[in-house]
Every structure is written in C-alpha cells, then in structure tokens.
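Structural overview for review
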Amino acid sequence: MAVNTDMLVFFVNGKKVCLRNVEPETTLMAYLRRDLGLTGTKNGCDEGSCGACTVMVSAYNRDSGRIVHKALTSCMVPICTLHGLAVTTTEGIGSLATGLHPVQERIVKFHGTQCGFCTPGMVMSMYTLLRSNPNPTRKQVSDSLHGNICRCTGYRPIMDAFWTFSKETCCSPENGGCCQDTDLSCPQGNSAGCCRGQPAKLTDISSLSLYDPTQEPIFPPELQVEGLCENLVCFRGRRVTWYRPVTLSQALQIKSENPDAQIASGCTFLAQQLKTCVQEVIVIDISGLKELKSHEIKNGVLMLGAGLSMADLIDLSDHGDLAEVSLVQAVPKVLESWGSQLKNSATLGGHIMLRGARYDLMPLLVAGDCFALVASKADAERKIQLKEAFLRDSNPLKPCEILISVGVPCAQKFVQTFKVAKRKHQDLASLSAAFFLGISPSEKLKIDDAQITYGGNIPSLIVPVETTKFLAGRKVSEEMIGEAMLALQSELLPFEGKGLSKTQSLWAQGFLSKCLLELIAGNQQGDRVTTNEQPDIYKSCQIFEIDQEGTFSKLKAVGQPLTHSTGEEQATGEAVFIDDIPMTVGELYMYPVLSTQHHAKITGVDLSEALSMPGVHGYIDHKDVPGVNFVFAEYADEELLATDTVHHCGQIICGIVATDRDTAVSAAQCVKVTYEDLTPVILTIQEAIEAKSFLGLPWRVTRGNLEAGFAQSDEVLEGELSTKGQKHIYLETLGALSVPRERDQIEVYTGTQLCHTLQIAVAEVLGVPAHNVVVKVKRIGGGFGGKESRSLLPSMITALAARKFRRPVRCIFNRKDDTLINGGRHPSLARYKVGFTKEGKIIALQTMLYTNGGITKETSNSVIKLAVIRGESCYNIPNVLVEGRVCRTNHSSHASLRGFGCPQMLWIVENILTAVATHLSLQPHKVRELQLYKEGETTITNCFLENFKLPKCWEECKSLADFDKRSQLVKEFNSTNKQRKRGLAIQPMMFGIGIYDKFLNQAGALVHIYTDGSVLVTHGGCEMGQGLHTKIKQIASDTLGISFDKVLVSETCTNMVPNATATVASVSTELNGRAVHAACITLVERLRPFREADPQAGWEKWVSAAYFSRVSLSTTGFVSYGDFGFDFDTCKGPDCMYLTCGVGCSEVEVDCLTGEHKLVRTDIVMDVGRSINPAVDIGQIEGGFVQGYGYYMMEEVVHSPEGKLLTDSPLTYKIPLAADIPAQFNVALLKNNLNDKGIYSSKGIGEPPLLLALSVYLATHDAVKSARVERGLSEVFYLEHPSIPANVLKALN
Ligand SMILES: Cc1cc2nc3c(=O)[nH]c(=O)nc-3n(C[C@H](O)[C@H](O)[C@H](O)COP(=O)(O)OP(=O)(O)OC[C@H]3O[C@@H](n4cnc5c(N)ncnc54)[C@H](O)[C@@H]3O)c2cc1C
Ligand code: FES
Ligand code: FES
C-alpha cells in the first residue's frame, strides 16, 4: 500500500484518522477532546501526573506477530508518535446506548464513582490491563492504578470493583458469584475482607455482567499490513518539524544534519517542553527504532537498548539469561513505585539523558558501573562512563550524537536500593540509594568490594568513596554497621548545608544500615527492615444494615445502597463537565494574566505583543468593569481585575481573549507587566502577628472560670503548635463558560458550590440586576470547599469578556494557576495553656488560634469561627477560653476545605491531650475517655447532648478494632523489633450539622410531574460527587411512592430555584432534601383524590387523571430548618441542629531509619443516623478519611524562601494514591440508629470523616514514642504537621 510520507495515520476507537496538516506538538488528549469531541478523556493536570486522560494505545509487533496494549496518559503523547497505532478511549469500549463494558459497569456498581472526573482514566487503566492479561492477580490490578489519582472515593470501592477481575477475589461473577450467597470458600478468610456473615452488601454481584475477552474489538487489520510504518515520515507544523525515522542510520543522518534536534523517546519530558516552547524545533522520534529496543550480552556486558521502556526493563528481569545480572534483577524494585502509564512510556535513554540525581535509576546505574554507548553519523560509537560524565552539569553527548544503549557489567553482587519520598508511589525521591556489595565466596558476610551511590533531591549524585573503602574487606556485624555509619556520616558532613540536608544525611546513614542489616538477615524471617513494600492483599469490610425489604430495591429507595445517579454517564465518558460542553459558533477563549509579585504597584502592562498574535481577539482589564470591581462587593477587599496595585501572587490583572485556548494561553504569557515592589510583604502568621495584620476581630467562645480552673489544676502545661496548609486538588479545575443573551442578560455555565452568591457577584460586576444572570451547574468535578469563593473568578471574568465582545467566552484555569489562585486550607498557629488533675482530667484550657487567611476575608472568618466552636473537640472541659483570629498575609486567599477549620483545631486539641497523657505517663486513650462528652451534658456552644451516640461509637470502635488485644500485640511487636515500631491510636470526633449562621438554614425546590408520570426535580444544591442528587432522587421517589428511575434531578440553576444556600457544611441533603420532600408531599396530596378514586390504577393513571382534571402537577417546596444559631457576643447557642459523631482507630508501622510509615489498619465507626444511602455514606467516610490522611500525613504545601508556591500540581504536591490506603480498612455505620432531627432520620456526613484521619497521626506519634523510649530519649517530643518521613525522622531524633 502506498502511503504518503507526511500523512499521519492512526485509528481511534476503530475509526481511521488521516491527518495531513498536523501540528506535531499537539497532544493526543487535546486532539481527542478538541477535534474528535471525545471528552471522556479528561484533562486533570496536562502534565502526566493525574491519570485522568489515560487511554489505551495498541501496536502490532511485526516480529512477534503480537498486539501490544499500553495504558498511556494522552496529555504526554505527542500526536505524531501515534503513526500506525490504534487508540481506544472509554467511549470506544462501552456506552449508554450500546451497553457498558464490564469494567465500566463494575466501577459504577461498586460505587467507585463520586464526582466522576477520574473515572474514565481509571476505567482505561483497568481495561488496558485486562486486554494484556485477562487473568491478572490482585497485585497486578493494584499496580495498574498507581498512575491514577482520585480525590473523592478513597480508592477502596475502585479497587474492590477491579479486583473482581482477579482469580484471587472470592466474590466475582467470573469466580462463581458472591460467597455470601453460595458455598464458595473465601480465600480472604471469613472475617474482615469478606462479605460472608455481614448483614448487607453494597453490590449485588449477581447483577454484574461476565467479562468475556473474546468479545473485545479487534486491532485494525489495516495497521497489520506491511508498509505503513516501514518508511521515514516527516510531519511539518508551524513551529515543530517531526521526523520519524525507521532505522538508526536514518536517525543519525537527520541528527547530523540538524545537530540541535531534540530526540523524542518516551516523551514524558519532551511533550511538556514542546507545549511551552516558542522557538522552532526539530524533533527526531526514535520510538520506532527496533535497534534501540533490543538487549544482548557481549563479553560479559549486557547491552540494553536506549529505547527500552521501563516496563520492558521490568520484563527483562524475568528473562532466564539475565537471572544472574544483579542490576537487572534490582530494577523492578526501583520502578515498583511508578504508575503503569509512566512505566509504559519513559525509556532508559530518556531517563539517563535527563541527567538528574532525582531520577530513580541513576543511582543504580552509576553504582553498577554502567556506561552509555553513543553513536553519530560521522564517528565511531563511543563509551561514556555514567559515573564520570553524568555527574557533571554539561551534556556529555556531542550535538550529533544519540544515546543508543547502556552497558551493564554482568556482575553478581548483593544489590540493595532504597528510596524515600513524601509518597511511596509516583513521587521523585527525597533521597535514594543503590548499594552493590561484592560478597566473599569463602567467608560469610565478608564484603570484598562496595559501590554506593546516593541520588534524590540533591544537586548531583553522591558517591561516598571513603565509605566504600571502609566497607571493603570487612565482615558485617552490628558493631561494624555502627562504625560504617560513622564513616559515612563524616564523609557526608562536607555536603551538609550544600544541597544535602541533615535529614537527608540521616536517611543516607539509615539506608546503609538497612542494607547491611538486610545482608545479615538474608532471607530469614525476623526483624526485616524494609518497609517500602505494601501488602498484596488489602482487606476491607463495610458494615451497615438495611431496614427495609428487598436490598437494592428502587421502589422503596430510601435506605438502599443505590449507585450514583449518573455513574454510568461518568464511566462511559458521557457525563459533561464545563470544558466538555461543545463549542458554539463564535465562541472565544480567555486566559488571565496573573500577578507574579506578592505586593507591588503595577507600573505598566504591555499588551502589544499579545495583541499582535494571530487569533487574539482582544483583552479585558479593570476599565471594562461596568459595575463593582470587587470579587466580593460586600467586603470590597479584593479587586477582580487589579487597577494599580497587586496584593498577592496569582491576582488577576487582565485577561486575553482569543479564538482558541492555546492562543489565549500563549498570548497571556506574552503580556509584560512591570512592577514596583511595595512593602510590607507579609507571608507568615508570625509576620502578620508582629505587624498586627489581621482580617477582622478575634472570635471567642468561653465557659466557666478560666482562672479558677487553672488554680484548681494539679499541673499546667503551655505550648505552641502549628499546622501547614492543604490544597484542594479537585480533579476538575476552576472554569466557566459565559454566554451573552438579549439585553445584557447572561448565562453562566460553571462548577460552583455557590450558585446564588455567584449570580449576585456576576450581576454586581456587570452592573445589572440579578434576574439578568442565570447560573447553571450540571455537576462539579470535585469541590471539597474549593469551588466556593474562588470559583467566582472564572465566571466573573468570562462574563465581563462575554459582555464586552458579545460572544460566548470560556476560561478553564490550568492546574498550576488553579492551585496558586485557590489558597486551600488555612495554615494555623496555636498557643495553649492547659490545666489538669493528676488523674488526667482537664480542668482548664485556653487556646489562641491564628490562621493565615491570605489576602482577603472571604470565608476565613467563617472557617475560624467553626474552629473556635469546636475548640474543645468532643471533650467536656469545664473552664474554656478559645479565641481565634485571622491573619492577613500576601498570599491568595485561603479558602474552605472539607472540615472548615475543624481539622486544624482537632489536631491541636489532640496534641494537647497527648501532651497531658505523656506528662502524667497515662495512656492517651484513657485520657481521651476521661473527658469524652456524655449524654445529657452541654457543650461550650450550648448544644444539649441528647440521643448522643459518641460514647456508643467509642465502644463499638474499640470492639471492631479489637483495641485492647491489638494494643498488647503492638507492645509485643515493638519489644521484638528494633528498626520498626508500631503505634495504635483511637480518636473520637463530633461535628455540628446545621450552619451556625441561622439564616442560611433554608432551601427551596421545584418539582414537576409530567403527563407520562416522569418527574423532574430541581433544588438549590450542587452535585459534586457527594451523592446529593442520588439521595434527592431517593427522597423524591420514596415520598411520591414511585420507582427511583422515574425521577430525574435537573441541573442546578438560579432561574429555577432562587436564593439557594451554598452547597456546604455537610447540610445539603438535610436542607434540599427537606425542600424536595415538602414539594413532593404537596403533590402527593394533590394526587390523593385520584389515588383514592382508583387505588389500583397506578401512578401514570393518577397523574393523567389529575392533568385532565386541571390539577397543577408542579410545585415548589421550601424549608427553613431548625431553631438554632450561635451568637458569639453572648456565647449563646446551640451552634447546630445535631452532631454527627464517629470514632477512628488506626495502626501504623514506622520505619525508624527513614521515618516512613505503613498504614496497617483503620477501623471507623460512624453515626450517620439511619442512612439514606449506605453506599454514598460509606463512600463519604472512606473518601473523607483518605483526604484527611493526606492532610495529616503526606501533603506538604511548600513555598520558596521568597514565597513562591512550589507545590502547585499533582506532580509536586502529593495526594494519597490507591497504594496508600489502609491495608485493612473497615467502616461500620452505627446500627439501630435514628436521628429525629434529620431528614428520614439520617445525618449529614460530608465533612466529619476527614477528621478521623487524625488517628493515623496519633498512631504515628505512639510509634515514635515507643522508639524514643527504647533508646532512652524523652517521651516529650513534637511531631510536626504534616507527618511526612522527614518530620517523623526529626521526632525520632
Ligand atoms: C508524571 C511524572 C512522574 C514522574 N515520576 C518520576 C519518579 O517517580 N521517578 C523518576 O525517576 N522519574 C520520574 N519522572 C521522570 C521520568 O523518569 C522521565 O520523564 C523519563 O524517564 C524520561 O524518559 P523519556 O523516554 O520519556 O524521555 P523523553 O521525554 O523522550 O526525553 C527526555 C530528554 O532526553 C533526550 N533524549 C531522549 N532519548 C535520547 C537518546 N536516546 N539520545 C539522546 N537524547 C535523548 C530528549 O531529547 C529529551 O531532552 C516522572 C515524570 C512524569 C511526567
Ligand atoms: S491530564 Fe494527563 S495525566 Fe493528568
Ligand atoms: S470520583 Fe475520583 S476524583 Fe472524583
């Protein structure tokens, strides 16, 4: 077949794509979304770090005759690399019309979708694994998900869904059904981890379709025909010229003619560079060169082709002929932590050519004495020793050279590798190491020779030559290890402070010690020291009851674990998010220009270059604001578009409007803003306190007599504690589409939790009445509070541009800007004084809490008010004074984030209790138990505790977790293990439901019944994954007495339900559910005469009869909920309608040499009243817990000394992955539990479970204490927040 050389040919979902004029830098993700409208492939980061854009790319291997399938992140795949390949997206495997694929069906039916933004990516990772391996192990399933993040679900339901494809899972259709219904034996045992014996289950296994690999679509036969990929092709774009040679000599020829050409190998680095580079670039794509993908042993050296992917390298470790090459055998461990997409694309050559100390294979290759073989057209191949050349800054390759292979000496050594990072998977190393020890064949444990290399977040690799000399010739013993560590310590001393921190130096010593201990331990059981490994088998159980007939019944829907109401749309990619709305004719794209300074006068804004770019349509700035130029007119403290001064990095100065996104983004980058720095620049809480820079007055809650309390106390302690921030990392970034309508009317499509506030804000900025503005929210790709105040920005600026240009305007913030603009959780600082008796009873507590509010008030005062309200957590302290004050700093405004001030305050209170327990040498849980509120008592906010379930949760959690027995086991473990210590902690929490600002506790709804009996419900709450619409559907169908499927919940829109309270504070089902219930009751009453006239006729007939009798089938519902509200002046409450309570118990294992931990087990008992939907509630508990785990243990917001945000995307800011969840994760809902103050006797649940992740921090504290006590150190220590390995190591001292 003759193929035109510059026609790019590939297949998408079985359809052929031929492109003649292609821009080579275009990524597959952009092409799928923009050109093919396949918006199921989501953009969560556009840098390869979230997995939302995962697709399957398949190739035909002519040599083996096999089709190879790979999961790839399409945002890192330049489109030209697809020549001759086939792409499959979630739309290609199943749809609502044709039926869901079993992978899509299972993630839905196991409740693995919440906001649904990550879902197609998850589906495609799993689907690709099944296409390559229809019978995966559970570990292979888990490993396939390391490159996919989910911020909502806590991963457990996703893993459970996908584990059913493994033979090792007991309950799956392929394995014979569910062992609760059959006599199947359960490989996981009959206790936790198996549904047998449990009263109810979340998924009906019998309803799942069988997976049949023979039914998969075939690989396009046209791509198997010889000819298409056998020739050199070249694709010329405006900026990038892309050569795709098919032989090495062609590649070397092109390189000799274009010495500046970039080499494209796996493109995981290059794709990102091409997106942003503005110069003309020539690229030589070597991914099709067979010569670079082979391996062979020559003269005792294994030559590995530079084009081998990391996945290929892992596979090589199974090759029999390489069993003796120690380095190859060590590779799988080094790469174990990588996501499958990254392993599939990144190549050995690309990895080495990045020449960074942080890249994982570098220490191994350098310690293994490897060399690079490079070739050019003109000269003979030459060897470059990695150790010598790749430790320097400059590129050791000449311009015409290409790295073709890597030489690995086939030595048999004792090899150990280590890596410590903030997150175990898919994270660059804080410190890594490789050890190659030649062991004497004649003398046991004697080292003949040693090679050590350290890498990680250090300027360049470190090779401690003196230490290796010390080791050579010595026999390993405990005494020798101590001496070796001292030798290393003194060798590393000169590096300390020069790129190597004290902590890194300690890790380096820890690694050495671990390596030598491993050598001693061999393969024996006992005190193994490596903690990186995660268990292959996770266990979980979900305990709840269904108090109605017929599980999964859609007729009596309330109480049933029904799946997310649009889960199927999410899994098939049909769910529409803002950026998925098809473009309309004439639509423009806007991108904002953001301040790069913290506090400065704007001396000039030069738009000339930007405006001269082809495709640029114009701009908006403060002069285009016809109304009020403030984000919140009420506070008037942040200009929407800066006039002459900027007050924080990320403040919007102006916006460039263009015909498409890429042009708008590039043009915005060309705007030159000049500044004159202003003072003061206040960045920290301490600086703000000193400068008296605050946002409002202090908030105070008090009870009793503090002075008398301290006087009565036997002991008094004082201290200072602080927490860092947290970023939201919802997967859908902020965005909006504003469409101008007649006479200054405007429609805004966006993802906000604040529809009404946004409507008012847009009206104010446009200077029009609110009825001119309609805000519509279909769904939000994750909110967690982050789509509150800051979500106004894209809507307001697009509305301004739409008004100015009278065209629809869209703006979606890119991930880095989104993370910068949205400040996230407030960092905090607390000073406390606590008085207590010898028995541990706290008599008096005084806490002064400061939070870093950033630049504006926004929600900061509301957040700190709730923190102050929960200032005693759930402990009855007779004399209390809790004060809170918000500091004004030059950061983006800090915002609401799940828990709303409580996560900080509870961390502080629990630390205070721990300090009291330590001081008195009491067990912390006993001290907690002593103070725990009881039925009939009253909180500091005058909440009278009746029907109070916390004590019951406490007892049930202790029993579920087998707390007493396991405390003993932990002690035993710690007495027999030196390097690893376990810790166990149980922690209670209560969270007020109902907003303390009384007026906000109102809601409206609109319910229509159509003549065919179908029902449309609109209410004021927004669906962001929390299952609100699902619960509302359940409530409406139950109240009307019809099937769940007859009800549709409409998008949220301000023209249907006005003045809606924001979707916040875990109260949305309570408020909106009541309003919907009220409307439905009205309709039930209207239909009553028809029902009574013909009871057997059925719903449709009653509806029809009512219609023909001219009875209105549409009505509104309204609720003003609860008689409560807290007055800070008089300290009179109560602050909430009722309390949601829960208790969490966690066990961790800490590696005392590195500070890493493993989350061994978590048990949670939660009081959710009578659950409206146990699957949704358990999903909120698990998801909230894992988000809280990230906050307390993993996620670190880092700024440079100058205040620049360094952790601005999932690449640098690490949120938990599937591999981080508890190895055993049990969640129980309190049984026989009614809440007479809640809708359908239920309770609000969204935020409270996050607080239970504090139990992991407390367990880590417990483990560190054991280690310190054993070494004779003080029991008093400070474990900093977040407890990343570096902070744990510091606490271990
Ligand atoms: C989301 C994400 C997470 C990551 N996490 C980790 C991690 O946890 N640990 C880790 O170690 N790394 C990590 N990385 C980095 C990763 O290791 C590198 O991006 C990858 O190894 C580069 O290989 P590549 O084949 O994709 O290189 P490419 O992007 O194709 O090329 C990289 C550079 O090398 C040049 N080059 C490539 N091949 C050759 C050759 N044969 N001859 C001459 N020059 C060549 C290219 O011109 C380019 O300049 C991560 C990257 C991403 C995107
Ligand atoms: S969008 Fe591609 S990995 Fe995030
Ligand atoms: S459901 Fe996974 S990110 Fe929302």
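These lines cover the structure that appears in this document, whether it is placed above or below. Since the structure is predicted, the reported quantities are computational estimates derived from the model, not experimental observations.

A closer look at unusual backbone geometry
A cis geometry characterises the amide bond from Thr-679 onward to Pro-680, with omega recorded as -5 degrees. For Pro-680, the position within the fold is in the loop between β24 (672-677) and α20 (685-691). Look at Lys-692: it is not a glycine, yet its phi comes out positive at around 55 degrees. Tracing the chain through its elements places Lys-692 in the loop between α20 and β25 (699-703). Even without glycine at this site, Phe-900 takes up a positive phi of about 50 degrees. The exposure class assigned to Phe-900 is buried, which follows from its relative accessible area of 15%.

With respect to the sheet that holds strand β5 (residues 86-88)
Pairing is mixed across the open sheet formed by five strands, whose spatial order is β2-β1-β5-β3-β4. Edge strands, defined here as strands with exactly one partner in the open sheet, are β2 (15-19) and β4 (66-73). When the angles between neighbouring strand axes are averaged without regard to direction, this sheet yields 30 degrees. As paired elements, strand β3 (residues 54-61) and β5 share three bridges and run antiparallel to each other. Counted as the bridge partner of Met-56 is Thr-88 from β5. In the packing of helix α3 (residues 119-132) onto the sheet, contacts are made with β3, β4 and β5, and the angle to β3 comes to roughly 25 degrees.

Quick notes on the environment of Arg-1271
Structurally, the position occupied by Arg-1271 is in the loop between α34 (1254-1270) and α35 (1285-1292). Of the residues examined, Arg-1271 reaches a relative accessible area of 46% and is grouped as partly exposed. Arg-1271 has contacts with Leu-1292 and Asn-1293, leaving out every residue within four places of it along the chain.

Description of empty space enclosed by the protein
With the rule as written, the count across this model stands at ten cavities of 30 Å³ or more. Looking at the second largest cavity, its volume works out to about 110 Å³. In terms of lining residues, the second largest cavity is bounded by 13 residues, among which His-111, Thr-113, Gln-114, Ala-1175 and Val-1176 are the most central. Looking at the lining of the second largest cavity residue by residue, the classes come out as three nonpolar, ten polar and no charged.

Examining the packing of aromatic side chains
Evaluation of the coordinates by the stated rule reveals 18 aromatic pairs. On the numbers, 5.9 Å between centres and 25 degrees between planes, the contact of Trp-163 with Tyr-538 is stacked. One end of the pair, Trp-163, is in helix α5 (residues 156-163); the other, Tyr-538, is in the loop between α16 (502-521) and β18 (539-543), and 375 residues separate them in sequence. By relative accessible area, which is 6% here, Tyr-538 ends up buried.

Conventions and cut-offs
- Each chain carries its own residue numbering, running from 1 in the written order of its sequence.
- Whichever chain is written first is A, and whichever ligand is written first is 1; the rest continue in order.
- pLDDT decides what is reported in this predicted model: residues at 70 or higher carry local features, side-chain atom pairs at 80 or more are listed and counted, and totals for whole chains, interfaces and linings draw on all residues regardless.
- Values shown for side chains rest on all heavy atoms present in the structure; no hydrogens or waters enter the calculation.
- Only DSSP runs of H or I covering at least 4 residues are called helices, and only runs of E covering at least 2 are called strands; the numbering of each starts at the N terminus.
- Relative accessibility under 20% of the residue-type maximum defines a buried residue, over 50% an exposed one, and the middle range a partly exposed one, all with a 1.4 Å probe and only protein chains included.
- Two strands qualify as a pair provided DSSP detects at least 2 bridges between them.
- Only the contacting stretch of a helix is used when fitting its axis, a line to C-alpha atoms as for every element, and angles between N-to-C directions run 0 to 180 degrees.
- We call two residues contacting when some pair of their heavy atoms lies within 4.5 Å.
- Points on a 1 Å grid, built from protein atoms alone, make a cavity when a 1.4 Å probe fits but cannot get out and make a pocket when they are open with protein on both sides within 12 Å along at least 5 of 7 lines; residues with an atom within 4 Å of a point are the lining residues.
- Grid points are joined across faces, edges and corners, and a volume is the space filled by probe spheres set on the points.
- Basically, the charged four are Asp, Glu, Lys and Arg, the nonpolar ten are Ala, Val, Leu, Ile, Met, Phe, Trp, Tyr, Cys and Pro, and anything else, Gly included, counts as polar.
- Pairing of aromatic rings covers Phe, Tyr and Trp, the last through its six-membered ring, and needs centres within 6.5 Å; plane angles under 30 degrees mean stacked, over 60 mean edge-to-face, and all others mean tilted.

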